[in-house]
Amino acid sequence: MNSKTILLSGATGFLGSHIAEGLSTHNYKVIALIRNSSDLWRCKEFKNENLVFVNIDTKDFKEIIAKHNPSVFIHTAWNGVAAKGRNDWNIQIENILFTAQMITLANELGIKKIISFGSQAEYGNFNGRINEAANCNPIIPYGAAKLAALTIFKSFCESNAINWFWFRLFSLYGAREDKNWLIPSVIENAFYNKPMHLTGCEQRYDYIYSKDFTNAIVKVIETESESGIFNLTSNSSMQLKEIIEKVKNLVNPNAVFNFGALPYRPNQVMHMEGDSTKFNKQFNFEVKSDFETNIKEVLDYYLNKLKKEKIVNY
């Protein structure tokens, strides 16, 4: 096993691309699994000389991976993360099957440490701060599929003496998000001075910055630890209206955002915050960055893209 070589699924997604970038900057070689249909645009936006792409739609992909001898497998690949896909049972069931295929592959390669990702959606509806001792009662296909995948993942790893980690994520922000997600859409509307209709945005959500998230994953890779389920969050929360106002004022203070123009959806969760005390203690980790600094980095990224887009479309 090469301790500085990591096998990664989902490298072309938002989550996976940040893990790939973070590991690359820490001098890890990342064996990034892709398919014929993969769009590599995210991976092309950062220095990726430490990335080796392996197409799993080819016949000899297992032999290619085996030559690199990875020591850790990080599984981030998961379709149907956006709102519509989260309620599609067919997509979510396919994710469970693919997870089983990927951990089987890792075991065949002799990998003895696997990291995979769950979601706050496993808990179901809740209001407030929640820790891993809470009962899970998912109410949408996405959450149910994550919980089902966890059951398979845990049982498989324990049966094969694999050190396993399941990290429940809440909300992440950073570069390379889908443009219709909250922060990129707020930036774009403010940049083009387009009115935006919103709910009252009184919800408090737990947002962790992508760079803090990847630093946490590096800690996990480099720490000898018992297996388990952990919330991985900023360990704090912010009101959505506060986030939106900060972004608006930095981009265009005159932009019109109509808070309260849209109703909250039924059973809207107003306070969704993860308690990551268990993770922080086990991996000696603490989020040390601050939102004010982070959001300026994020704004620079999106505004540069929007300015180039504006010139092209002029």
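Quick summary incoming for the structure in this document. Keep in mind that this is a model prediction, so the values were computed, not measured.

**Details of unusual backbone geometry**
And step 1. Even without glycine at this site, Asn 27 takes up a positive phi of about 65°.
And step 2. With a relative accessible area of 60%, Asn 27 lands in the exposed category.
And step 3. Of note, the phi angle at Cys 201 is positive, near 55°, even though the residue is not glycine.
And step 4. Relative to the helices and strands, Cys 201 is located in the loop between strand 9 (196-197) and strand 10 (204-205).

**Quick word on the packing of aromatic side chains**
And step 1. Summed over all chains, the structure comprises 23 aromatic pairs.
And step 2. Ring plane angle 90° and centroid distance 6.5 Å describe the contact between Trp 78 and Tyr 142, whose orientation is recorded as edge-to-face. Of this pair, Trp 78 sits in the loop between strand 4 (70-75) and helix 3 (83-86) while Tyr 142 sits in helix 5 (residues 141-159), and the two are 64 residues apart along the sequence.
And step 3. Geometrically, the ring pair formed by Phe 165 and Phe 283 is edge-to-face, given 5.9 Å between the ring centres and 65° between the ring planes. With Phe 165 in strand 7 (residues 163-169) and Phe 283 in the loop between helix 9 (277-282) and helix 10 (291-313), this pair connects stretches of sequence that are 118 residues apart.
And step 4. With relative accessibility at 1%, the residue Phe 283 sits in the buried group.

**With respect to the state of the cysteines**
And step 1. Considering all chains together, one arrives at 0 disulfides under this definition.
And step 2. The thiol of Cys 157 is unpaired, and the distance to the nearest cysteine sulfur, on Cys 136, comes to 18 Å.

**Overview of the side chain of Ser 276**
And step 1. Positionally, Ser 276 belongs in the loop between strand 15 (271-274) and helix 9.
And step 2. Excluding residues that lie within four positions of it along the chain, Ser 276 makes contacts with Asn 231, Thr 233 and Asn 235.

**Regarding the pairing of strand 2 (residues 29-34)**
And step 1. Along strand 2, 5 of the 6 residues are buried, which leaves the element largely enclosed by surrounding structure.
And step 2. Bridge count between strand 2 and strand 3 (residues 51-55): 5 bridges; the pairing is parallel. In the sheet register, Leu 33 faces strand 3, and the bridge partner there is Val 54.

**Some details on the environment of Lys 113**
And step 1. Turning to its location among the elements, Lys 113 is positioned in strand 5 (residues 113-119).
And step 2. Each C-alpha atom, one on Lys 113 and one on Phe 165, is 8.1 Å from the other, the two residues being 52 residues apart in sequence.
And step 3. Apart from residues no more than four positions distant in its own chain, Lys 113 is found in contact with Ser 71, Val 72, Phe 73, Ile 162, Asn 163, Phe 165, Val 220, Ile 221 and Thr 223.

**Regarding the layout of surface pockets**
And step 1. Of the pockets and cavities examined, the second largest pocket occupies roughly 280 Å³.
And step 2. Considering the residues around the second largest pocket, the lining is formed by 15 residues, among which Lys 179, Tyr 302, Lys 305, Leu 306 and Glu 309 are closest to the centre.
And step 3. Residue assignment for the lining of the second largest pocket shows that the elements contributing at least two residues are helix 6 (182-191) and helix 10.

**Here's the deal with helix 5**
Because an α-helix completes one turn every 3.6 residues, residues spaced three or four positions apart along the sequence face the same direction.
And step 1. The end-to-end C-alpha distance of helix 5, which contains 19 residues, comes to 27 Å, matching closely the 27 Å that a straight helix rising 1.5 Å per residue would cover.
And step 2. Those residues of helix 5 lying buried are Pro 141, Tyr 142, Gly 143, Ala 145, Lys 146, Ala 149, Leu 150, Phe 153 and Cys 157.
And step 3. Its buried side turned inward, helix 5 meets helix 3, helix 4 (89-108), strand 5, strand 7 and strand 12 (228-232).
And step 4. Following helix 5 by one or two positions, Ala 161 adopts a phi angle in the positive range, close to 55°.

**Describing the pattern of salt bridges**
And step 1. Overall, the coordinates contain 13 salt bridges when judged by the stated rule.
And step 2. A salt bridge links Asp 275 to Arg 129; the nearest nitrogen and oxygen atoms lie 3.4 Å apart. Taken together, the residues span a long stretch of sequence, with Asp 275 in the loop between strand 15 and helix 9 and Arg 129 in strand 6 (residues 128-130) at a distance of 146 residues.
And step 3. Owing to a relative accessible area of 16%, Asp 275 belongs among the buried residues under this scheme.
And step 4. Note on Arg 129: relative accessible area 41%, which makes it partly exposed.
And step 5. Residue Lys 211 is joined to Glu 297 by a salt bridge in which the shortest nitrogen-to-oxygen separation is 3.0 Å. Here Lys 211, found in helix 7 (residues 210-222), pairs with Glu 297, found in helix 10; they are 86 residues apart in sequence, far enough to count as distant.
And step 6. In this structure Lys 211 comes out as partly exposed when scored by relative accessible area, which is 45%.

Parameters at a glance
- Residues numbered from 1 in each chain as written.
- Predicted model: local features only at pLDDT ≥ 70, side-chain atom pairs only at ≥ 80, totals over all residues.
- Heavy atoms only, no water.
- Buried < 20%, exposed > 50% of the residue type's maximum accessible area, 1.4 Å probe, protein only.
- Helix = DSSP H or I, 4+ residues; strand = E, 2+ residues; numbered from the N terminus.
- Phe/Tyr/Trp six-rings, centres within 6.5 Å; stacked < 30°, edge-to-face > 60°.
- Disulfide = S-S within 2.5 Å.
- Contact = heavy atoms within 4.5 Å.
- Pairing = 2+ DSSP bridges.
- 1 Å grid on protein atoms, 1.4 Å probe; cavity = no way out; pocket = protein on both sides within 12 Å on 5 of 7 lines; lining within 4 Å.
- Points joined across faces, edges and corners; volume = space filled by probe spheres on them.
- Expected span 1.5 Å × (residues − 1).
- Salt bridge = Lys/Arg side-chain N within 4 Å of Asp/Glu carboxyl O.

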